[in-house]
Amino acid sequence: MKITILSRSASISSTKRLVEAGRARGHQVRVLNPVRVEMHLDGQRANLYYHRRKLSPCDVVIPRIAQSINTYGLAVVNQFAMCGVPLVNTARAIAESRNKMRSLQLLSAHGIHIPATVMARDAGDLKAMVGLVGGVPVLVKLLQGQEKRGVMVCESLQSLEAALEAILGLGHDLVVQQYVQNTGQDVRVLVVGGRAVAAVKRRPRVGRLSYTLNRGARLEPLQLTDAHRLAAEKTAVLVGLEVAAVDLLDVPEGQPKVFEVNSSPALPEMEAATGLDLAGIIIQRAEELAAGGPKVGLPEPEPVTTRRKRPSKASAGGA
């Protein structure tokens, strides 16, 4: 099978693991930088080029689109779909997961338990927002630009006030969420093909602004419970992600609460904590999708190529 991984670099640890896992199963694997992919549309055809050479066909695409190139990267992912190539995570599902408030609205509307969450345009209202989610500890998330975001865990009002000074100039849209670190567990569940395959609990670094909650956190293996499994699997299916890391707050009493969904989860750290070949599980799912297996979530639009009367003449060369 010919697998294409969309990633800024083949040296990125999670991308490297997927390449290793794919080749270990006998597949041809290439890594393409999404920003180097050129796209062509004319109402009849959808074509893809790489460094101005027409891309040779592949059987399945695994997107690993960085936040910094979200808009262009998702256009590339969608172009592959228009060419009829199966995707491990569609552009629509990735975009849904990266709009944090909208994804939480989707989950809440379908009965998934979420932490108390508020969003405001002005950081000046932060203290009042904290009261609406039940007080500290809280997660403070900044959204700016092309979905770049920072995440901070604040355990006290004093640390929150100090954080406010640091984050005022970083963005306008703020999401503040209830965070029960002292009485519950922060759990990450990896879901592949609608099935929860692994779970870890995280101990994040308190009071440190980072691009993801995972950065600097210590991961420990965790036995999946039925409640974890149900919440994570239903979340991934609702958002439409074939591969998703679903982050939960596991409180002592009541159902786990989903507070974030990640479409490009870090793999090596979770593999080290669980001892599982998670990259291999993702490659197996890619094999199923390439073979026409059932997909998670809503169907994608019909490929443009199926409406063509005759295939276009291939240009010279291939990538």
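Located above this text is the structure these notes cover.
Residues numbered from 1 in each chain as written. Predicted model: local features only at pLDDT ≥ 70, side-chain atom pairs only at ≥ 80, totals over all residues. Heavy atoms only, no water.

1. Side note on the sheet that holds strand β12 (residues 195-203)
Adjacent strands of a sheet pair through backbone hydrogen bonds, lying either parallel or antiparallel.
(1) Moving on: Across the sheet, 5 strands lie side by side as β13-β12-β11-β14-β15; this open sheet has antiparallel pairing. The open sheet has two edge strands with one neighbour each: β13 (218-221) and β15 (257-262). With strand direction ignored, the average angle separating the axes of adjacent strands in the sheet is 30°.
(2) Moving on: Where strand β14 (residues 243-250) lies against β15, 5 bridges are found, and the strand directions are antiparallel. In the sheet register, L248 faces β15, and the bridge partner there is V258. (Pairing = 2+ DSSP bridges. Helix = DSSP H or I, 4+ residues; strand = E, 2+ residues; numbered from the N terminus. Axes fitted to C-alpha atoms, helices over the stretch in contact; angles between N-to-C directions.)

2. Some details on helix α7 (residues 226-239)
(1) Moving on: If you check α7, its first and last C-alpha atoms are 20 Å apart, about what 14 residues at 1.5 Å a residue would give, namely 20 Å.
(2) Moving on: Taken as a whole, α7 has its buried residues at H228, A231, A232, E233, T235, A236 and V239.
(3) Moving on: The inward-facing, buried residues of α7 abut α3 (91-98), α4 (100-109), β11 (185-192), β12, β14 and β15.
(4) Moving on: A positive phi of about 90° marks G240, the residue just after α7. (Expected span 1.5 Å × (residues − 1). Buried < 20%, exposed > 50% of the residue type's maximum accessible area, 1.4 Å probe, protein only. Contact = heavy atoms within 4.5 Å.)

3. Some points on the packing of aromatic side chains
(1) Moving on: Across all of its chains, the model carries 1 aromatic pair by this definition.
(2) Moving on: Considering the side-chain rings of Y179 and F259, the 6.4 Å spacing of their centres and the 85° angle between planes classify their relative orientation as edge-to-face. On the criterion of sequence distance, the pair formed by Y179 in the loop between β10 (173-178) and β11 and F259 in strand β15 is long-range, its members being 80 residues apart. The pair formed by Y179 and F259 is uniform in burial state, with each residue classed as buried. (Phe/Tyr/Trp six-rings, centres within 6.5 Å; stacked < 30°, edge-to-face > 60°.)

4. Overview of the pairing of β11
(1) Moving on: In terms of burial, β11 is a largely internal element, 7 of the 8 residues being buried.
(2) Moving on: Bridge count between β11 and β14: 8 bridges; the pairing is antiparallel. Paired with L190 across the two strands is A245, which belongs to β14.
(3) Moving on: The pairing of β11 with β12 spans 7 bridges and is antiparallel. Paired with D186 across the bridge in β12 is R202.
(4) Moving on: Where β11 folds back onto β12 in an antiparallel hairpin, the turn is made up of 2 residues, including G193, whose phi is positive at roughly 65°.

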